[in-house]
Amino acid sequence: MSARNYDVVVLGGGSGGLAAAFRAASYGAKVAMLEPAPLGGTCVNVGCVPKKAMWLAADLAERIGLARRMGFDVPAEPGLAWSTLLERRQQYITNIHSSYQKRLDETGVVRISNRGHLIDAHTVECEDGTQFRAEHIVIATGAHPLKPTLPGAELGGVSDDFFALQARPGRVALIGGGYIAVELAGVLRALGSEVALLVRGQRLLDKFDAEVADQLAENLRLQGVELHFGCKVEALQRQHAQIRAQLHNGPEQAVFDTVLFATGRGPNTPGLGLERAGVKLGEKGQVEVDDYQNTSVPGIYAVGDVTGRVTLTPVAIAAARRLMDRVLGGQSQARLDYEDVPSVVFAHPPLGSVGLSEEEAGKRFGKVSTYYSRFRPMLQALGQGEVRSLFKMVCVGEDEKVVGIHLLGEGADEILQGFAVAVKAGVTRRQMEETVAIHPTSAEEVVLMR
């Protein structure tokens, strides 16, 4: 069968794949993108977008409680029509799908609703036998949630299954201590579920600053989430319509309506023919790339979660765009700088972080200086809430260059973006202090830390 010829073939229609396809097309390239699933990948369909929709609903539920305590005539237990929430969420996602398809049509990118695999360094074959040849092939197939190997693991779901819930579950066990577990715990608790967070380690969010993570844990406890550290799940068993968890060092009441694993993600590399084409994979199956997104085979590149490097949607997009700028746009040094990438955990309130934690800065630079602001936001105080904010700044050197900012508190997700620019630009503590505060806000605490 003769192959169809393109300049660029992209495997995957998630955030990274779409970004690569659109940027390549902007340079006049003939582009084909292979994606059998809905456009947008994990982020749009079972990740960032539906997660934020659920977070916003949970945030409203918390604010309704604060409003009642401030004097508004609000029912003690306002009801939520879960089906209406899901309908609004899906409408939003459908609009994104339509927007992507419209842009594909406008830019001339050919979408192939089929799965593809490599048969050599420049040829991709679909399941129906159709072949595509291209000078450049981009692997952007993303990742998937993992389950641990233990008896009864099939009784538990993963984050994808959370988004498939058609009603609010009664009692939920979330297994894991990373950002997905934390986010789902906060959402489910705010929307009325009983939640137990079963964490194998001794803290939450082991890649974030420890002090800030500890305050997050305290906030979760204040909100009614059960936290069990050093808890090992040994098995799951069906008990009538519920699930019993066999635990080491867990809660006495270990029977749940729903169990969700948040125990990591694995790259979507099986079945892609990468080994046949000579593409080197890491020990976890991720595609090995250099600083320019090159794989071990010239002409084959990889971006996004499939590489296992900083698995965030904006990172995949930025890496893909810079890759095409280099390969097709004549910008020979274009690449993504993976240092000082800001990220947010959508807890309640959110936790935003950019740069190094105190622990990381200590290992890299030795002596560090840290500055703090601990406070109760005005809305919490007025509404007699107990949740606290903790802002922290990490500095190094005689000029006290800011190498890390960590914000746990209301609005942290929005506040952090501007300060991430400052950290990237090399701001010092003195420059922060010389900036006039905006009062009364939570954001002012970033320049008032002591």
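So, here's what we can say about the structure. (Residues numbered from 1 in each chain as written. Predicted model: local features only at pLDDT ≥ 70, side-chain atom pairs only at ≥ 80, totals over all residues. Heavy atoms only, no water.)

### Considering the overall build of the protein chain
Applicable threshold: Strands here are runs of E lasting at least two residues and helices are runs of H or I lasting at least four, both read from the DSSP assignment and numbered beginning at the N terminus. What the globule rule says is 2.2 Å times the number of residues to the power 0.38, and the radius of gyration is computed from C-alpha atoms. Burial status follows relative accessibility: with a 1.4 Å probe on protein chains alone, a residue under 20% of its type maximum counts as buried, one over 50% as exposed, and anything between as partly exposed. By definition, residues are in contact when any of their heavy atoms lie within 4.5 Å. With residues, only the protein chains shown are counted as cover, and all accessible areas are computed by Shrake-Rupley using a 1.4 Å probe. Neither His nor the chain ends is counted toward charge; the positive residues are Lys and Arg and the negative residues Asp and Glu. In this description, the location of a charge corresponds to atom NZ of lysine, CZ of arginine, CG of aspartate or CD of glutamate.
Along its length, the protein chain carries 13 helices and 21 strands. The C-alpha atoms of the protein chain give a radius of gyration of 23 Å, which matches the 22 Å a tight globule of 450 residues would have. If you line up the protein chain on its principal axes, its C-alpha atoms span 70 × 65 × 40 Å. Among the 450 residues that make up the protein chain, the fraction classed as buried is 51%. Counted over contacts in the protein chain with a minimum sequence separation of 6, partners at least 24 positions apart contribute 62%. When the accessible surface of the protein chain is totalled, it reaches about 20900 Å², and 49% of it is carbon and sulfur. A distance of 1 Å separates the average location of the 47 positive side-chain charges in the protein chain from that of its 52 negative side-chain charges.

### Some remarks on the packing of helix α1 (residues 15-26) against helix α9 (residues 313-327)
Basically, it comes down to this: Axis lines are fitted to C-alpha atoms, over the contacting stretch for helices. Their N-to-C directions set the angle, which ranges from 0 to 180 degrees. Geometric relationships in this document are graded by angle, where less than 35 degrees denotes roughly parallel, more than 145 denotes roughly antiparallel, 65 to 115 denotes roughly perpendicular, and other angles denote oblique. Each crossing gets its hand from how the near helix is turned against the far one by less than a right angle, where anticlockwise is left-handed and clockwise is right-handed. Amino acids are sorted into nonpolar (Ala, Val, Leu, Ile, Met, Phe, Trp, Tyr, Cys and Pro), charged (Asp, Glu, Lys and Arg) and polar (every other residue, Gly among them).
Viewed as axis vectors pointing N to C, α1 and α9 meet at an angle of 30°, and their least axial separation amounts to 8 Å. As far as their axial angle goes, α9 and α1 are roughly parallel. Along this stretch, α1 crosses α9, giving a crossing that reads as right-handed. Across the interface between the two elements, Ser15, Gly16, Ala19, Ala20, Arg23 and Ala24 from α1 touch Thr313, Ala316, Ile317, Ala320, Arg321, Met324 and Asp325 from α9. Among the residues making up the contact of α1 with α9, the classes are represented as 7 nonpolar, 3 polar and 3 charged.

### Some words on the sheet that holds strand β18 (residues 351-355)
Think of a sheet as strands paired side by side through backbone hydrogen bonds, with each pair either parallel or antiparallel. Applicable threshold: DSSP-based pairing: two strands are paired if at least 2 bridges between them are found.
The strand order across the open sheet built from 5 strands is β17-β18-β21-β20-β19, with neighbouring strands paired in antiparallel fashion. Looking at the sheet topology across the chains shown, the edges are occupied by β17 (343-345) and β19 (369-375). Put simply, the sheet's adjacent strands are angled 15° from each other on average, direction ignored. Both β17 and β18 contribute to a ladder of 3 bridges, which runs antiparallel. In the sheet register, Ser343 faces β18, and the bridge partner there is Ser353. Running at roughly 175° to strand β21 (residues 401-408), helix α12 (residues 412-424) makes contact with β17, β18, β20 (389-396) and β21 of the sheet.

### A look at helix α3 (residues 48-69)
Stated formally: Each helix should span, by expectation, one fewer than its residue count multiplied by 1.5 Å.
For α3, which comprises 22 residues, the first-to-last C-alpha distance of 31 Å matches the rise-based estimate of 32 Å (1.5 Å per residue) to within 8%. Residues of α3 that are buried include every one of Val49, Pro50, Lys51, Met54, Trp55, Ala57, Ala58, Asp59, Gly65, Leu66 and Ala67, and no others. Packed against the buried residues of α3 are α2 (41-46), α4 (82-107), α5 (159-162), α6 (179-190) and α11 (378-382). Trailing α3 by a residue or two, Gly71 shows a phi angle of about 115°, which is positive.

### Some points on the sheet that holds strand β13 (residues 255-256)
Taking strand neighbours across the sheet as the criterion, the 3 strands line up as β11-β12-β13 in an open arrangement whose pairing is antiparallel. Every interior strand has two partners, whereas the edge strands, β11 (232-239) and β13, have only one. Pairing of β11 with strand β12 (residues 242-248) involves 7 bridges; the strand directions are antiparallel. Residue pairing across strands places Gln239 opposite Gln242, the latter belonging to β12.

### Things to note about the packing of aromatic side chains
This is how the line gets drawn: Stacked, tilted and edge-to-face are the three classes assigned to paired rings of Phe, Tyr and Trp, where Trp is represented by its six-membered ring and a pair needs centres within 6.5 Å; plane angles under 30 degrees give stacked, over 60 edge-to-face, the rest tilted.
Per the stated rule, a full pass over the model turns up 4 aromatic pairs. Relative to Phe163, the ring of Phe162 lies with its centre 5.0 Å away and its plane at 70°, an arrangement referred to as edge-to-face. Judged on exposure class, the residue Phe162 and its partner Phe163 are both buried. Between Phe375 and Phe391, the ring centres sit 5.2 Å apart and the planes meet at 90°, which makes this aromatic pair edge-to-face. In this pair, Phe375 is assigned in strand β19 and Phe391 in strand β20, connecting sequence segments 16 residues apart.

### Here we look at the pattern of salt bridges
What counts is decided by this rule: Each salt bridge in this description consists of a side-chain nitrogen of Lys or Arg and a carboxyl oxygen of Asp or Glu lying within 4 Å of one another.
By the definition in use, this model includes 21 salt bridges. With a closest N to O distance of 2.5 Å, Glu211 and Lys392 form a salt bridge. Taken together, the residues Glu211 in helix α7 (residues 210-222) and Lys392 in strand β20 connect sequence positions 181 residues apart. Judged by relative accessible area, Glu211 falls into the partly exposed class, the value being 28%. Using a relative accessible area of 1% as the deciding quantity, one classes Lys392 as buried. The salt bridge involving Glu400 is made with Arg429; its shortest N-O contact spans 3.7 Å. Here Glu400, found in the loop between β20 and β21, pairs with Arg429, found in helix α13 (residues 429-433); they are 29 residues apart in sequence, far enough to count as distant. With a relative accessible area of 16%, Glu400 lands in the buried category.

### Notes on the nonpolar core
So the rule is basically this: Remark: nonpolar core denotes a set of buried residues (Ala, Val, Leu, Ile, Met, Phe, Trp, Tyr, Cys) joined through side-chain atoms within 4.5 Å.
Judged by nonpolar contacts, the single largest core of 41 residues is most densely connected at Phe162, Leu174, Leu197, Leu204, Leu205 and Leu216. For this core, the secondary structure elements donating two or more residues are α3, α4, β8 (171-175), α6, β9 (194-199), α7 and β10 (226-229). A per-element tally of this core places α6 first, with 6 residues. Leu197 has contacts with Leu174, Gly176, Ala181, Ala185, Leu204, Leu220, Val225, Glu226, Leu227 and His228, leaving out every residue within four places of it along the chain.

### A short note on the pairing of β21
Extensive coverage of β21 is indicated by the burial of 7 of its 8 residues. Here 7 bridges tie β20 to β21, and the two strands are oriented antiparallel to one another. Looking at β21, one finds that Lys392 is bridged to His406. Counting the residues in the hairpin turn of β20 and β21 gives 4 residues, including Gly397, whose phi is positive at 80°.

### Notes on the pairing of β9
What counts, and what does not: Seen with its strands pointing away from the viewer, a crossover is right-handed when the path leading from the first strand over the helix to the second is clockwise.
Taken across its 6 residues, β9 has 5 buried, putting it largely inside the fold. Two elements, β8 and β9, share 5 bridges in a ladder whose sense is parallel. Paired with Ala173 across the two strands is Ala196, which belongs to β9. Each parallel crossover has a hand, and for β8 linked through α6 to β9 it is right-handed.

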